[in-house]
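# A closer look at the structure
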Amino acid sequence: MLAVPLAPVPAQVTRTAYWARLLPALAALACVTRIPSFVRPLWNPDEGYLAVQARLLAQGGHLYETVVDRKPPLVPWLYEAVFALCGSGSLAPVRVLAVLAQALTAVLLASLARRRWGDTAGRTAGVLYLLVSVGLNPEDAQAATFEVFILPCTAAALWCADRGRWAAAGAAVACAFLAKQTGGAVLLPVAWLLHRAGTPRAGAVGLAAGFALPVGCAALATDPGGFLFWTVTGSAAYASFTGSELHVLGRCLGNTAILAVACAGLLPPVLRTLRTARAAADLWLWLAASAVAVAAGFHFFGHYYLQLTPPAALLATAALRLLPRERLTAAVLTSAGCCALFLTWGLFAPRPELAHAQRLAAALAQRTAPTDRVLVWGMHPETYWLAGRTPATRYLTAGLLTNYSGGRDGPQVGEAYAVRGAWPVFRAEMAAHAPTLVVDDSRGRPYAPDRVPSLRRLLDTRYEEVGTVDGAVLYARTPHG
């Protein structure tokens, strides 16, 4: 009996079957790794800042005028859009978007790895990325803030560049930059891939046009001068760490150690392979550019380190494909164990500052009417959001007026180190719509009113102390104020 040869399975069918199995698995893993993000109403002050910004923008405010921040506009606009659809009383819908962002990042990394090294590598890259993506302090890893929304844009930039789609790669780099300036670091590996492609002129035109168009539109949609100042030229004092060297070094070493624990399954194969094989140069450039982005400004906050996780996952995948299969199993199991530890930390770690902000917001809501303006002199803008009250100033934290927002503990804190031109604007705002209630939430920190003469004069001449909440002092406007 003659054997009938089997018809080959079309490549499209194989590809569809592969993603039909992998996509649900990555989506489920993304949901599991983000479970802690839903157990608290708010994880860190950046989420609070974005929530207050979004409310002000929804009320007709203008970014870089009514409300300001040292960030590009993409993530505030994202919050505003979510609030318009779902209401502004909860961050849960934004957290859902963060889950989708992490899942999309994993899918793009899986696609990159599969194109280069095969099916197993694709699965490995997606899974390893999601497992290490939560490997930081939960207030950094679980918050729906700037870095989470940078990641799919950076992965998309590499994905497009790997396929020679230069205009799309430029647009993806622009989206990463518009989420946060340091997202633009992915331009370095993209440029390397352009150089390696051998068609630099035509590709460079597409890359440049793809980048310039979204950035130019964002500048025009806000205010070109304000966009340039707040995203590029207005942060000189913020980027200096003079006087806080040990403080900054301690944060750097601490967060580096935390991420190293999360990457315990990735580091051995990468280091082992370094001695025997040369991994893709663009991935090393991506990791190096991301490391520069983490160090930019000398702050080393934990959430900055999230930019390291996509290239780290791809480099580990590249290394593991050259090692025996048991090494792959060990890397995944080790990463899964570390992920479980970080998820447990996220579920059960106390958040005393959130409880403080909630009590302070309750006091604000009790002592003021919904139409009153208030001033919270501190580093927790979420108090405005939790209380449902409008800030009396465009500067949502004391940091922009004192430089304390850089995490400084040294001498470069005070009026002299504020954002250029901020104090005249602040004084004008206090005169135009004086806050009904002022909350001094400095609690002995270097930006306390006694070290800020302009604020001290305002409190002494127009306000009187009416109470305290957990060390925060409340001041009500006097009848002649």
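An account of the accompanying structure is given in this report. (Residues numbered from 1 in each chain as written. Predicted model: local features only at pLDDT ≥ 70, side-chain atom pairs only at ≥ 80, totals over all residues. Heavy atoms only, no water.)

Here helix α4 (residues 92–117) contains 26 residues, and its C-alpha end-to-end distance of 37 Å stays within 8% of the 38 Å for a straight helix at 1.5 Å per residue. Positive backbone phi, at 110°, marks G118, one or two positions downstream of α4. (Helix = DSSP H or I, 4+ residues; strand = E, 2+ residues; numbered from the N terminus. Expected span 1.5 Å × (residues − 1).)

On to the environment of L375, then. For L375, the position within the fold is in strand β1 (residues 373–377). Its relative accessible area of 2% is what places L375 among the buried residues. Once the C-alpha coordinates of L375 and D440 are considered, the two residues, 65 residues apart in sequence, prove to be 8.5 Å apart. Dropping the residues within four chain positions of it, L375 is found in contact with Y384, T393, F426, M430, P435, L437, V438, V439 and L455. (Buried < 20%, exposed > 50% of the residue type's maximum accessible area, 1.4 Å probe, protein only. Contact = heavy atoms within 4.5 Å.)

Before going further, it helps to spend a moment on the nonpolar core. Core analysis: the largest hydrophobic core is formed by 151 residues, its most contacted members being Y79, V190 and Y305. The element best represented in this core is helix α7 (residues 146–162), accounting for 13 residues. (Core = buried A, V, L, I, M, F, W, Y, C linked by side-chain atoms within 4.5 Å.)

This paragraph deals with the side chain of D282. As for its position among the elements, D282 is in helix α14 (residues 281–295). Contact partners of D282, with chain neighbours within four places excluded, come to R116, L158, P189, W192 and L193.

The next thing to look at is the side chain of R389. If you trace the backbone, R389 turns up in the loop between α18 (382–387) and β2 (390–391). A polar contact is formed between the side chain of R389 and the side chain of T368, at a distance of 2.8 Å. For R389, the side chain forms a polar contact with the main-chain oxygen of A387, separated by 3.2 Å. The residues contacting R389, other than those within four sequence positions of it, are L364, A365, T368, A369, P370, D372, V374 and Y384. (Polar contact = N/O pair within 3.5 Å; in protein donor to acceptor, adjacent residues only side chain to side chain.)

With that out of the way, let us pick up the packing of aromatic side chains. Within this structure, the stated rule accounts for 11 aromatic pairs. Between the aromatic rings of Y79 and F83, the centroid separation amounts to 6.1 Å while the plane-to-plane angle is 70°, which identifies the pairing as edge-to-face. With Y79 and F83 both in helix α3 (residues 74–86) and 4 residues apart, the pair spans about one turn of that helix. With a centroid separation of 5.6 Å and an interplanar angle of 90°, the aromatic rings of F301 and Y304 are classed as edge-to-face. Judged by its relative accessible area of 8%, Y304 is buried. Members of the aromatic cluster, joined through ring pairs, are W377, W423 and F426. (Phe/Tyr/Trp six-rings, centres within 6.5 Å; stacked < 30°, edge-to-face > 60°.)

By themselves, these observations are geometric and do not establish any function.
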